[in-house]
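Now for the letters of each chain:
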Amino acid sequence: HWTSLNGAWRFCHDDERAFTTPQDIEHWPMDIRVPFPPESQASGIGDRGFHTICWYERDFELQPDAGRVILRFGAVDYAAKVWVNGCLVATHEGGHTPFSADITRMLESSGRQRVTVRAEDDPHDLTKPRGKQDWQREPHSIWYPRTTGIWQTVWFERVGRTYVDKIRWTPKVEGYSIGFEARIGGDDLEGHLAIEITLSHAGRLLARDRYQVVEREVDRFIALSDPGIDDFRNELLWSPERPTLLDAHIRLLKDDVVIDEFDSYTALRSVNISRDRFMLNGRPYLLRMVLDQGYWPDTLLAAPSDEALKRDVELAKAMGFNGVRKHQKIEDPRYLYWADKLGLLVWEEMPSCYRFTRTAIKRMVREWGEVIDRDYSHPCIIVWVPFNESWGVPELTSQGRQRHAVEALYHLTQTLDWTRPVIGNDGWESSATDIIGIHDYDANLEHLRQRYGAEIEPA
């Protein structure tokens, strides 16, 4: 029960900071095609100048009912304020992570609704996570054009007065079980609430469990029947060669009456490091990966379409890679869906700040936590990378506080997700890491062979 709000919106820049609320704007000089950023040609604007603030607005039809309505944004770069029918409903900081608002009480009974967004993104601020977005007017060297404002899907969804707001999956291959967490939203919590989960694969029932909801949450491990024989066991394990997804059907019941129902998926997959080997599902696995920066010529950070995201996964696999290091970008969740479904490993890396300040680190910590929370359940993700090389921590070897920052993010990541390896900073000095990554830009193959090739004893 959801409706996309992508498409034509009214648009204006606010270089003079003349507007504080939607009521201040009397004239909208431009139209923009959401979710493409105004710097892109696909947006219909194509303006790559320095604009710190921009505004969006559109009308939509929605008749209120007895349930609730949630307005959701995939990503707005960098700080956003959202109004519905002139009422402020959400504020969010962080250009790569989603946010939402319950807009039920703000809806007009006539069915005619209006949403307004103010996006602020200072192009010269080097203390916010910005990845490969250039701070100069024209992109230079290894950087790309900037992205401002909305760059992922906007939509609203209808839910009941009580609904499942979020779920999370944690596979445990060694115990042949899957952790399931759920958080309940809404305001009608009277009566007995329970969640029923059905897991199946290729039409075969694997588990059907029911759990009581306690204080709006469920947190349980679902035990699967161990088939014992390796052939059957391996059939259920997820890998790039066999990306087996387990179908999940979730129902929320109140006094045995279904009040929310939806489908999901999960997978049995483990990753860890054993001495000098990367282990996938308990066995050594050779990673053959490519650096993927996720920019498109006409749409920049935003993907042209879902088909384009799928095609990127297909191309990586067709070229013989079994994984990608998503470099300096938190990719659209649909990319991760296709990586799950088609079988492609992903190292997920936080876009860097370019300066080391207290503000920069606080911004990193907050947004990185939201990243892990958003993408935790994707089996394709096998490694978390908070820092790239020494970006944002340029004096890592000489300043203890910068080493502390890397080590803090490493340990925070391990705390938020104990199931995956973490690389504190990938490529140069290894202050805190599970994998020592070396970035060598020498294009001479013989030099690389001498440095890293196997030493062969003479006959």
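As a reminder, the structure under discussion sits directly above these lines.
What counts and what doesn't
- Residues numbered from 1 in each chain as written.
- Predicted model: local features only at pLDDT ≥ 70, side-chain atom pairs only at ≥ 80, totals over all residues.
- Heavy atoms only, no water.
- Helix = DSSP H or I, 4+ residues; strand = E, 2+ residues; numbered from the N terminus.
- Rg over C-alpha atoms; globule rule 2.2 N^0.38 Å.
- Areas by Shrake-Rupley, 256 points an atom, 1.4 Å probe, with all protein chains shown as cover.
- Lys, Arg positive; Asp, Glu negative; His and termini not counted.
- Charge placed at Lys NZ, Arg CZ, Asp CG, Glu CD.
- Patch = residues over 30% accessible without salt bridge, like charges linked within 9 Å, V, L, I, M, F, W, Y side chains within 5 Å.
- Salt bridge = Lys/Arg side-chain N within 4 Å of Asp/Glu carboxyl O.
- Pairing = 2+ DSSP bridges.
- Axes fitted to C-alpha atoms, helices over the stretch in contact; angles between N-to-C directions.
- Buried < 20%, exposed > 50% of the residue type's maximum accessible area, 1.4 Å probe, protein only.
- Contact = heavy atoms within 4.5 Å.
- Expected span 1.5 Å × (residues − 1).
- Phe/Tyr/Trp six-rings, centres within 6.5 Å; stacked < 30°, edge-to-face > 60°.
- Right-handed = clockwise from strand over helix to strand, strands pointing away.
- Parallel < 35°, antiparallel > 145°, perpendicular 65-115°, else oblique.
- Left-handed = near helix turned anticlockwise from the far one by under 90°.
- Nonpolar A, V, L, I, M, F, W, Y, C, P; charged D, E, K, R; others polar.
- Polar contact = N/O pair within 3.5 Å; in protein donor to acceptor, adjacent residues only side chain to side chain.

(A) Summary view of the overall build of the protein. Each helix and strand in the protein was counted, giving six helices and 28 strands. For the protein, the C-alpha radius of gyration of 24 Å lies close to 23 Å, the compact-globule estimate for 459 residues. If one aligns the C-alpha atoms of the protein with their principal axes, the spans along those axes are about 85 × 60 × 40 Å. Just so you have it, the protein exposes about 21500 Å², and 48% of that area is on carbon and sulfur atoms. On the protein, the mean spot of the 56 positive side-chain charges and the mean spot of the 73 negative ones are 1 Å from each other.

(B) Region of interest: a nonpolar patch on the surface. On the surface, I436, I438 and Y452 cluster together into a nonpolar patch covering about 350 Å² of accessible area. For I436, the position within the fold is in the loop between strand 28 (425-426) and helix 6 (445-452).

(C) Region of interest: the sheet that holds strand 14 (residues 177-186). Spatial ordering of the open sheet is given by 13-14-17, a layout of three strands whose pairing is antiparallel. For this open sheet the edge positions go to strand 13 (162-172) and strand 17 (217-223), each flanked by a neighbour on one side alone. Direction aside, neighbouring strands of the sheet carry axes that sit 20 degrees apart on average. Looking at chain direction, strand 14 and strand 17 are connected through seven bridges and run antiparallel. Within strand 17, the position partnered with F180 by the bridge is R220.

(D) Representation of the environment of G74 in the model. By the secondary structure assignment, G74 is in the loop between strand 5 (68-73) and strand 6 (76-77). The exposure class assigned to G74 is buried, which follows from its relative accessible area of 8%. Sequence-wise, G74 and W135 are 61 residues apart; in three dimensions their C-alpha atoms are separated by 24 Å. In this structure, G74 is in contact with T97, P98, Q152, T153 and W155, ignoring residues within four places of it in sequence.

(E) Expanded view of the sheet that holds strand 5. Pairing in this open sheet of four strands is antiparallel, and the strands run 1-12-5-9 from one edge to the other. Two strands close off the open sheet at either side, each with one partner strand: strand 1 (2-4) and strand 9 (99-102). Within this sheet the neighbouring strands show an average axis-to-axis angle of 20 degrees, counted without direction. Pairing between strand 1 and strand 12 (residues 154-159): three bridges, direction antiparallel. Note that in strand 12 the partner of T3 across the bridge is F156.

(F) How the structure looks around helix 4 (residues 358-375). Taking 1.5 Å per residue, 18 residues should reach 26 Å; helix 4 reaches 26 Å between its end C-alpha atoms and fits that length. The secondary structure elements touched by the buried residues of helix 4 are strand 8 (87-93), helix 3 (333-342), strand 25 (345-349), strand 26 (381-385), strand 27 (387-388) and helix 5 (400-416).

(G) Quick peek at the packing of aromatic side chains. Going through the model one piece at a time under the given rule, you end up with 17 aromatic pairs. Residues F11 and Y56 carry aromatic rings whose centres are separated by 5.2 Å and whose planes lie at 75 degrees to one another, so their mutual orientation is edge-to-face. Here the residue F11 occupies a position in strand 2 (residues 7-13), and Y56 occupies one in strand 4 (residues 53-61), the gap between them amounting to 45 residues. Side by side, F11 and Y56 carry an identical accessibility label, which is buried. For the ring pair W55 and W83, a centre distance of 5.4 Å and an interplane angle of 25 degrees mean the geometry is stacked.

(H) Representation of the pairing of strand 26. Counting buried residues in strand 26 gives five out of five residues, a clear majority hidden from the surface. Note: strand 25 against strand 26, four bridges, orientation parallel. Bridge pairing in strand 26 links E348 to W384. Between strand 25 and its parallel partner strand 26, the chain crosses via helix 4, and the hand of that crossover is right-handed.

(I) Inspection of the pattern of salt bridges at higher detail. One pass over the structure, following the stated rule, counts 37 salt bridges. The partner of R114 in a salt bridge is D59, and the shortest N-O contact between them spans 2.7 Å. Of this pair, R114 sits in strand 10 (residues 112-120) while D59 sits in strand 4, placing them 55 residues apart in sequence. Of the residues examined, R114 reaches a relative accessible area of 38% and is grouped as partly exposed. Taking relative accessible area as the criterion, D59 reaches 18% and is therefore assigned buried. Its salt-bridge partner being R158, residue D65 comes within 2.9 Å of it at the nearest N-O pair. You can see D65 sitting in the loop between strand 4 and strand 5 and its partner R158 sitting in strand 12, a full 93 residues away along the chain. Relative accessible area serves as the criterion here: at 26%, R158 is assigned to the partly exposed category.

(J) Expanded view of the packing of helix 2 (residues 306-318) against helix 3. Relative to each other, helix 2 and helix 3 sit at 45 degrees, their axes nearing to 9 Å. Comparing their axes, helix 3 and helix 2 come out oblique. Every pair of crossing elements has a handedness; the one defined by helix 2 and helix 3 is right-handed. Side by side, helix 2 and helix 3 meet where D306, L309, K310, D312, V313, E314 and K317 of the first sit next to R334, Y335, W338, A339 and L342 of the second. Counted by class, the contact of helix 2 with helix 3 contains six nonpolar, no polar and six charged residues.

(K) Local environment of the environment of R269. Within the fold, R269 resides in the loop between strand 19 (257-266) and strand 20 (271-274). Sequence spacing of R269 and D255 is 14 residues, and the spatial spacing of their C-alpha atoms is 35 Å. Engagement of the side chain of R269 in a polar contact is seen with the backbone oxygen of P379, the distance being 2.9 Å. Polar side-chain contacts of R269 include one of 3.3 Å to the backbone oxygen of I381.

(L) Focus on the pairing of strand 13. Two elements, strand 13 and strand 14, share 10 bridges in a ladder whose sense is antiparallel. Directly across from Y163, in strand 14, lies its bridge partner G185.

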